[in-house]
Amino acid sequence: MYGYTGKLLEVDLSNKKINEIKIDEEILKQYIGGRGLAVKILWDRIGIKWDSINPFSPENILLILTGPLTGFFPGGRICISGKSPQSNGVVGSTVGGEFGIELKCAGYDGIIISGKAETPCYIFISDSYVEIKRASHIWGKGGKETLKTLLNEGRMMLQKNKLGKWREPAVLYIGPAGERKVRLAAVMSKLTHAAGYGGYGAVMGSKNLKAILVKGTGPLPEVFNIEEVNKLIKCACKECYENQALFRQWGTGYGGYYFGNVTSSEPIKNWQEEWHEEKSYSVTQFERFWVKRYWGDFGCPTTCLKISTFKMNSENIVSDNPDYELQAYLGTNLGIFNPVENIYLSSLIDELGLCGINTGNILGFVGELYEKGILTKEDLDGVELTWGNLNAFALLIKKIAYREDIGDILAEGIYRAALKLSEIKKKDLLKYTVQSKAIAIGAHGVRSGLDYTDKISYACSTQGGDHTSVAKLPLDHPNSELTVLFYDSGVVCWFNDWAIQKDLKWKFIKAVTGWDITEKKWYEELAPRILSIQRILLLIGGPDIKWIPLKDDENPQRFYEPLPSGPAKGRYVDRKKFEEERKEYYKALGWSEKGIPTSETLMKLGLNDVVQFLKQKINGFYLDSTS
Amino acid sequence: MGKNIWIARDYLKCSGCRKCEIACSLFHEGKIWPEASRIRIFMLFPGLEVPHLCTQCDNYPCVNSCKFNALSINEKTGAVIVNKEACTACGVCINACPGKVPWLHPKEKYVLICDLCGGNPKCVEECHEGGWDALKIIPKTVLGFERKNYKLYAREPEDVTKELAKVIYGEEVS
């Protein structure tokens, strides 16, 4: 087998058992790695009892998976998955950094973590040596302190083994929010990288797992044709150097004023508007705080991250410069148009281990309820949440991370919090939420029709509001969830796809694995297979929330209201057209009109076991039902 | 010896992309193998990457420290060349190095030291192609003057990190 180590590390935290398991080559051929493999493992291990498993129970499995392209294709990432405490389905949440590379060099394609540790712990991996260590000294600590301590501690442990200067291990960790099972918590990597969608930081917290450290001293696994791989790396990098000028220079941060202005799709005050002309939000205003122009992860030619630093209230702020998403969600969406304040909130989010998109989304929601007088200063325990009020939003972020006062309700995430607040206020507040399947919608609105997203993008995505994995036709569109699924299973950065030739990725996977994974095979067989199981698990959902096909495959109410300003003023989502597109999308995937994979489609994809299970266990409710 | 070169580095330009490690290990090992790379990027403080590699000291303390005659100097480039058969991986050269740069091969029994790829270092090439230019080839003798500044780089990564963290981020690193 090429491109893979062929082994997974299994850690049972309840029984402190550590195992190595071999992965069947036939399974990898069908599910590749990352999100694809996650869906398969979850289906096999807990699919049968999916609806009864609380994502925070020891029965849930946390998956940390690489893919065959990790380390080879420019821009390595790692995929975090499991049953999501946001959607109750599966999210393949990927994050940059060297973790995937170190893990493969240590001899593993991934880690399966089950059970729950009795007391806070972290996992230390040094090649085949694996240890579960106490984490009481870092439990409760913020991101920067946690990372600094672990980089140091990990290195000290390694240093015992060999002469010379050991480097630090790669680290995945959670902040205080994850420890408190805040459903908006991210799994963090390096200083500011986050696997935000899905809420897997909270799953780590539920397992009493603060961090995972890994150092691998071996080479990356052998590939089918190393000369060809080397040639393709060079080719991909060259194309990125030439075609990614904007990202290389500014990251997606150039979008804060420019992109959002042109496409009119940037959230402002909880999506009440999607356009602004605030030039204080131009990238040059952010650039003033940068210390390094380029900052990237293993093998990345684009290096779109920038680092900012400044002092605020004698506090030393070191943060990544907010990308477009966080400029929007921790800026414009809160009525904040001041770069310093935006960077500050971004650093606060990282420090607490929260997902910037999901948190900025719920803050906007609360901001609107405050504006409308539905939530008062008393409801918010004294916080005056007017738009643009930095201190108020910062305070609310902390309350969420520590589950204090109103923060305890908001920590349940946008959907669950809205249900709870609706109950308290005896009003339907769900209509003010801008989410899909309890996952915040990324900062790319669909109303203007000028961004890459469509009417069905979030409503029909198997990853809810995830802006990187949107439903789109044709199925092989460069932005479609089936295309992104390739990168999430690869596991590499989708951003570099934009700059490279369309067929390069197929040549790449062939040169690495030696397998004949063609474009046709991917879009007609491999991707639909993974997506169908992912969709079924999403629909089974539970135990607290279950999605109703069609009814919940919906846009937020707000997207049906006309845009009040900007070049796209007056545009809105036409419900009839949306419903037509949704129908077309499900048809293209071989799903029923309700978006349920039909038994015929599943059989064609070789998923006979899925058909059998769904027919026996739940009386065929989910399959081929017309009622 | 006039054509001897060495590799200077600009820490602020290093993106931490580690393409230098990929290029180095592909050239020397035929594989992508970060821990077998002759150049290694340290990140001892979050957001602060420090490229760590040989500076070809004028007095070659590593070569002088070796009791097994495993290290020699390449006439053309000035690089330290490791004789894999003679090297016992004892580590004496590591301690002799002012920057503790040499690193034992993760699987074999010999030490890894930058050999300048015979005069065309792949890491520098890669770094330049990407437009970062964090690594630069400098002649050892410029206009007849011997270089004086290489020792600025012949330091342990902890020291470099400590000073840079203070200057760049205003952070104290213990």
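As a starting point, this report considers the structure included with it. (Residues numbered from 1 in each chain as written. Chains lettered and ligands numbered in written order. Predicted model: local features only at pLDDT ≥ 70, side-chain atom pairs only at ≥ 80, totals over all residues. Heavy atoms only, no water.)

## So, the overall build of chain B
Worth spelling out the cut-off: By definition, any uninterrupted DSSP run of H or I lasting at least four residues is a helix, any uninterrupted run of E lasting at least two residues is a strand, and each is numbered from the N terminus. Under the scheme applied here, a residue whose accessible area is under 20% of the maximum for its type counts as buried, over 50% as exposed, and between as partly exposed, the area being computed with a 1.4 Å probe on protein chains only. The contact rule is simple, with two residues in contact once any of their heavy atoms fall within 4.5 Å.
Counting secondary structure elements, chain B contains five helices and 10 strands. C-alpha extents for chain B along the principal axes are approximately 45 × 40 × 30 Å. Across the 174 residues that make up chain B, the buried fraction comes to 60%. A separation threshold of at least 6 residues defines the contact pool for chain B, and within that pool the share at least 24 residues apart is 64%.

## Some thoughts on the overall build of chain A
Put simply, the rule is: We compute the radius of gyration from the C-alpha atoms alone; for a globule the expected value is 2.2 Å times N to the 0.38, where N is the number of residues. Method for areas: the Shrake-Rupley scheme with a 1.4 Å probe, in which residue coverage is limited to the protein chains shown. The positive count covers Lys and Arg only, the negative count covers Asp and Glu only, and His and the chain ends enter neither. Charged side chains are reduced to one point each, which is NZ for Lys, CZ for Arg, CG for Asp and CD for Glu.
Looking only at helices and strands, chain A features 22 helices and 17 strands. Computed over the C-alpha atoms, the radius of gyration of chain A is 23 Å, within 12% of the 25 Å expected from 2.2 N^0.38 for a compact globule of 627 residues. Expressed along its principal axes, the backbone C-alpha trace of chain A runs to roughly 60 × 60 × 50 Å. Here the contacts in chain A between residues at least 6 apart in sequence split such that 69% fall between residues at least 24 apart. Working note: accessible area of chain A is about 20500 Å², and carbon and sulfur atoms make up 49% of it. Here chain A contributes 79 positive and 76 negative side-chain charges, whose respective centroids are spaced 2 Å apart.

## With respect to the sheet that holds strand β6 (residues 110-114) of chain A
All names here are of chain A. Spelled out, the test is: If DSSP finds at least two bridges between two strands, the strands pair. Axes here refer to lines fitted to C-alpha atoms; in helices the fit is confined to the stretch in contact. Angles between the N-to-C directions go from 0 to 180 degrees.
Read across the sheet, six strands follow the order β2-β1-β6-β3-β4-β5 without closing on themselves; strand pairing throughout is mixed. Lying at the two open borders of the sheet, with one neighbouring strand each, are β2 (17-22) and β5 (93-96). In this sheet, adjacent strand axes meet at a mean angle of 20° when their direction is disregarded. Pairing between strand β1 (residues 7-12) and β2: six bridges, direction antiparallel. The residue of β2 that forms the bridge with Glu10 is Asn19.

## A closer look at the pattern of salt bridges
For clarity, the cut-off: The working definition used for a salt bridge is a side-chain nitrogen of Lys or Arg within 4 Å of a carboxyl oxygen of Asp or Glu.
Per the stated rule, a full pass over the model turns up 56 salt bridges over all chains. As a salt-bridge pair, Lys29 of chain A and Glu26 of chain A come within 3.8 Å of each other at their nearest N and O atoms. Taken together, the positions of Lys29 of chain A and Glu26 of chain A, both in helix α1 (residues 25-31) and three residues apart, correspond to about one turn of that helix. One salt-bridge network, in which partners are shared between bridges, spans Glu102, Arg167 and Lys215 of chain A together with Glu21 and Glu35 of chain B.

## Regarding the sheet that holds strand β8 (residues 129-134) of chain A
All names here are of chain A. Pairing within the open sheet is mixed, and its six strands lie in the order β8-β7-β12-β9-β10-β11. Edge strands, defined here as strands with exactly one partner in the open sheet, are β8 and β11 (193-195). Taken pair by pair, the neighbouring strands of this sheet meet at an average axis angle of 20°, ignoring direction. Strand direction decides the pairing type here: strand β7 (residues 121-126) and β8, joined by six bridges, are antiparallel. Residue pairing across strands places Ile125 opposite Val130, the latter belonging to β8.

## Points about the packing of helix α13 (residues 356-371) of chain A against helix α16 (residues 413-425) of chain A
Residue and element names in this part refer to chain A. Counted only if it meets this: In this scheme, roughly parallel covers angles under 35 degrees and roughly antiparallel covers those over 145, while 65 to 115 is roughly perpendicular and the rest are oblique. Each crossing gets its hand from how the near helix is turned against the far one by less than a right angle, where anticlockwise is left-handed and clockwise is right-handed. Gly counts as polar in this scheme, as do all residues outside two lists: the nonpolar Ala, Val, Leu, Ile, Met, Phe, Trp, Tyr, Cys and Pro, and the charged Asp, Glu, Lys and Arg.
The N-to-C vectors of α13 and α16 enclose an angle of 25°; their axes lie 9 Å apart at closest approach. Overall, the two elements α13 and α16 adopt an arrangement that is roughly parallel. Every pair of crossing elements has a handedness; the one defined by α13 and α16 is right-handed. Contact residues: Asn361, Ile362, Phe365 and Leu369 in α13; Gly413, Ile414, Ala417, Ala418 and Leu421 in α16. Split into classes, the residues belonging to the contact of α13 with α16 amount to seven nonpolar, two polar and no charged.

## A few points about the interface of chain A and chain B
Taken residue by residue, the interface counts 48 residues in chain A and 48 residues in chain B. Joining chain A to chain B, the criterion identifies 12 salt bridges. Taking the shortest distance from any N to any O, the salt bridge between Glu35 of chain B and Lys215 of chain A comes out at 2.8 Å. Listed by contribution, the elements that provide at least two residues to the side of chain A that touches chain B are α3 (99-106), α4 (143-159), α7 (226-243), β13 (290-295), β14 (305-312) and β15 (315-320) of chain A.

## A look at the side chain of Lys140 of chain B
All names here are of chain B. Threshold: Any N or O atom pair separated by 3.5 Å or less is treated as a polar contact, with the protein-specific requirement of one donor-capable and one acceptor-capable atom, and with residues adjacent in sequence counted only for side-chain atom pairs.
Along the polypeptide, Lys140 turns up in the loop between β8 (135-139) and β9 (141-142). Here Gln56 takes part through its backbone oxygen, which lies 3.1 Å from a polar atom of the side chain of Lys140. Here the side chain of Lys140 touches Tyr60 through a polar contact of 2.8 Å, side chain to side chain.

## Re unusual backbone geometry
Residues and elements named next belong to chain A. Between Leu473 and the following residue, Pro474, the backbone shows a cis peptide bond with an omega angle of -5°. With respect to the helices and strands, the residue Pro474 is situated in the loop between β17 (439-440) and α17 (481-490). Omega for the bond connecting Gly542 with Pro543 falls within 30 degrees of zero, at -5°, which places this linkage in the cis form. Turning to its location among the elements, Pro543 is positioned in the loop between α19 (519-540) and α20 (575-588). The backbone phi angle of Leu550 is positive, close to 70°, even though this residue is not glycine.

## Here we look at the pairing of β1 of chain A
Residue and element names in this part refer to chain A. Among the six residues in β1, five count as buried, and that is most of the element. Here β1 runs beside β6; their pairing, made up of five bridges, is parallel. Bridging across to β6, Glu10 finds its partner in Ile112.

## Section: the environment of Tyr4 of chain A
All names here are of chain A. Note on placement: Tyr4 falls in the segment before β1. Counting along the chain gives 100 residues from Tyr4 to Lys104, while the straight-line C-alpha distance between them is 7.8 Å. Not counting residues within four places of it along the chain, the set of residues in contact with Tyr4 comprises Leu28, Ile32, Pro68, Asp109, Pro221, Thr513 and Trp515. There is a polar contact of 2.5 Å between the side chain of Tyr4 and the backbone oxygen of Ile32.

## As for the side chain of Glu98 of chain A
Mapped onto the fold, Glu98 of chain A is located in the loop between β5 and α3. Given a relative accessible area of 8%, Glu98 of chain A falls into the buried group. Glu98 of chain A has contacts with Ala170, Lys190, Asp297 and Phe298 of chain A together with Gly16 and Arg18 of chain B, leaving out every residue within four places of it along the chain.

## Overview of α19 of chain A
Residues separated by three or four positions in an α-helix point in the same direction, a consequence of the helix having 3.6 residues per turn. Residue and element names in this part refer to chain A. Which entries qualify depends on this criterion: Expected span of a helix: the number of residues minus one, times 1.5 Å. In this scheme, the bend at a residue equals the angle between the axes fitted to the seven residues that finish there and the seven that begin there.
Along its 22 residues, α19 runs 30 Å from first to last C-alpha, staying within 8% of the 32 Å computed at 1.5 Å per residue. At Pro528, α19 shows its strongest bend, of approximately 35°. The element α19 is extensively covered by neighbouring structure, given that 17 of its 22 residues are classed as buried.

## Thoughts on the environment of Lys67 of chain B
You can see Lys67 of chain B is positioned in the loop between α2 (61-65) and β4 (71-73). Classification of Lys67 of chain B as exposed rests on a relative accessible area of 67%.

## A short note on the packing of helix α12 (residues 339-352) of chain A against helix α14 (residues 390-401) of chain A
Residue and element names in this part refer to chain A. Viewed as axis vectors pointing N to C, α12 and α14 meet at an angle of 10°, and their least axial separation amounts to 11 Å. Our classification of the angle between α12 and α14 gives roughly parallel. Across the interface between the two elements, Glu341, Tyr344, Leu345, Leu348, Ile349 and Leu352 of α12 pack against Leu390, Ala394, Ile397, Lys398 and Ala401 of α14. The class makeup of the residues in the contact of α12 with α14 is nine nonpolar, no polar and two charged.

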